[in-house]
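# Geometric and topological summary
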Amino acid sequence: MSDSRETGRHAFVVGYPVKHSRSPLIHGYWLRQFGIEGSYRTVEVTEADFPVFLERLRDGSSGYSGGNVTIPHKERAVRLADRPDALSEELGAANTLWVEDGLVHSTNTDGLGFLANLDERKPGWDCFDKAVVLGAGGASRAIIQALRNRGFDEIHVVNRTVERAEELADRFGKRVFAHPMGALAEVLTGAGLFVNTTSLGMHGTPIPDFPLERLKADATVTDIVYVPLVTPLLLQAERHGLATVDGLGMLLHQAVPGFEKWFGRLPQVTPELRALVIADM
Ligand code: ATR
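What you see is a predicted model, and the numbers here were worked out from it, not measured in a lab.

We now examine the site of the ligand. By nearness alone, every residue bordering the ligand is listed as Gly135, Ala136, Gly137, Gly138, Ala139, Asn159, Arg160, Thr161, Arg164, Thr198, Ser199 and Leu200. A distance of 2.8 Å separates an oxygen atom of the ligand from a polar backbone atom of alanine 136. Separating an oxygen atom of the ligand from a backbone N or O atom of alanine 139 is a distance of 3.2 Å. Out of a free accessible area of 650 Å², the ligand has 65% covered by protein chains. Taken atom by atom, the bulk of the ligand overlaps the second largest pocket. Taken together, the residues of the shell around the ligand sort by class into three nonpolar, seven polar and two charged.

The extent of an interface is frequently quoted as the accessible surface area lost upon association of the parts. Taken domain by domain, the chain comprises domain 1 (9-109 + 255-279) and domain 2 (111-247). The interface of domain 1 with domain 2 comprises eleven residues on the first partner and 16 residues on the second. Together, Glu90, Leu91 and Arg274 form the three largest contributors to the area buried by domain 1 at its contact with domain 2, with a combined 53%. The tally of links between domain 1 and domain 2 comes to two salt bridges.

Ordered by their spatial adjacency, six strands build an open sheet running S2-S1-S3-S5-S6-S4, and the pairing between neighbours is mixed. Bordering the open sheet on either side are strand S2 (38-44) and strand S4 (83-84), each of which pairs with just one other strand.

Our next topic: helix H9 (residues 232-239). Residues Pro232, Leu233, Leu234, Gln236 and Ala237 constitute the buried set of H9. Looking at the buried positions of H9, the neighbouring elements they touch are strand S10 (193-196), strand S11 (220-223) and strand S12 (243-245). Positive phi appears at glycine 241, one or two residues downstream of H9, with a value of about 75 degrees.

Let us now look at the pairing of S11. In S11, alternate side chains face the same way, and those of Thr220 and Thr222 on one face and Val221 and Asp223 on the other are all buried. In the sheet, S11 pairs with S12 via three bridges, with the strands oriented parallel. Pairing of valine 221 across the sheet is with threonine 244, part of S12. In terms of handedness, the path from S11 via H9 over to S12 forms a crossover that is right-handed.

Another point: the packing of helix H5 (residues 110-121) against helix H6 (residues 138-150). Interaxial distance between H5 and H6 falls to 8 Å at its minimum, and their mutual angle equals 60 degrees. The pairing of H5 with H6 is recorded here as oblique in orientation. Where H5 crosses over H6, the two elements pack in a sense that is right-handed. The segment H5 lies against H6, with Asp110, Gly111, Phe114, Leu115 and Asp119 engaging Ala142, Ile143, Ala146, Leu147 and Arg150. Of the residues that constitute the contact of H5 with H6, the class distribution is six nonpolar, one polar and three charged.

The rules behind each value
Residues numbered from 1 in each chain as written. Predicted model: local features only at pLDDT ≥ 70, side-chain atom pairs only at ≥ 80, totals over all residues. Heavy atoms only, no water. Near = heavy atom within 4 Å. Polar contact = N/O pair within 3.5 Å; in protein donor to acceptor, adjacent residues only side chain to side chain. Areas by Shrake-Rupley, 256 points an atom, 1.4 Å probe, with all protein chains shown as cover. 1 Å grid on protein atoms, 1.4 Å probe; cavity = no way out; pocket = protein on both sides within 12 Å on 5 of 7 lines; lining within 4 Å. Sits in = over half its atoms within 2 Å of the grid points. Nonpolar A, V, L, I, M, F, W, Y, C, P; charged D, E, K, R; others polar. Domains from an automatic or database assignment. Contact = heavy atoms within 4.5 Å. Buried area = accessible area lost by both parts, 1.4 Å probe. Salt bridge = Lys/Arg side-chain N within 4 Å of Asp/Glu carboxyl O. Pairing = 2+ DSSP bridges. Helix = DSSP H or I, 4+ residues; strand = E, 2+ residues; numbered from the N terminus. Buried < 20%, exposed > 50% of the residue type's maximum accessible area, 1.4 Å probe, protein only. Right-handed = clockwise from strand over helix to strand, strands pointing away. Axes fitted to C-alpha atoms, helices over the stretch in contact; angles between N-to-C directions. Parallel < 35°, antiparallel > 145°, perpendicular 65-115°, else oblique. Left-handed = near helix turned anticlockwise from the far one by under 90°.

See below:
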């Protein structure tokens, strides 16, 4: 990227490792669709080199308009950004950076992607007061924030290590409650949404039977795991006659705000894009 003869706008996904990212496929599709002269590429940067990478983004010498941030740089990206927005600051993690007037801005679009996926595939999914989130890692945090901002009155976090759920309940305040796994049946009772934010069921590995009959009959079950597209949890939910939404749309929708910032066009999550990513899985 130091080649100043290169024209157009350029964006990155920076991480270590970063080879398996599907983001280049998504942004490459939109770049072609709009006929934009530009690129989106993976950049492997170690933790030691990350501050220099950000400095070169800030001073313009890298040639990038911005990009995505993934493991292990998400937390440090917020701390090093000049203008972290309220979402990334509250989460303590950013997945999207852009430069404006020589200042690095950060946000986190995971929660927005989560909501947009459900809004697209199951309109009305949010008409309930009570949601249950399984897991207490980084993805869970963004989803809890999104559900709280959407107006859920009770967000129950169930986690194998209950202390991590308690940390999130403390962090988010009075509408978020922590529970051990053993409380799942009780917690699911009367809930209108159940979300798996853990890696349980990834690549089709078996999962325990969840007492999904406790959910409201018109509840929605969703998974952030999207390989396979129909996960063991979603299969269980289908057997209970519940509405299901797969997690692929979250990945696609979380990419929208970044593309708009870097390339100046608002992209759409189309069936063609979905099919392209599925074909690559
Ligand atoms: P991410 O940032 O992707 O959310 P993470 O921070 O490693 O990833 O969090 C993974 C989550 O999946 C945690 O809630 C983890 O539970 P613990 O906090 O008890 O480790 C959960 N998880 C992973 N494997 C699990 C399993 N086999 N059973 C139950 N929970 C699991």
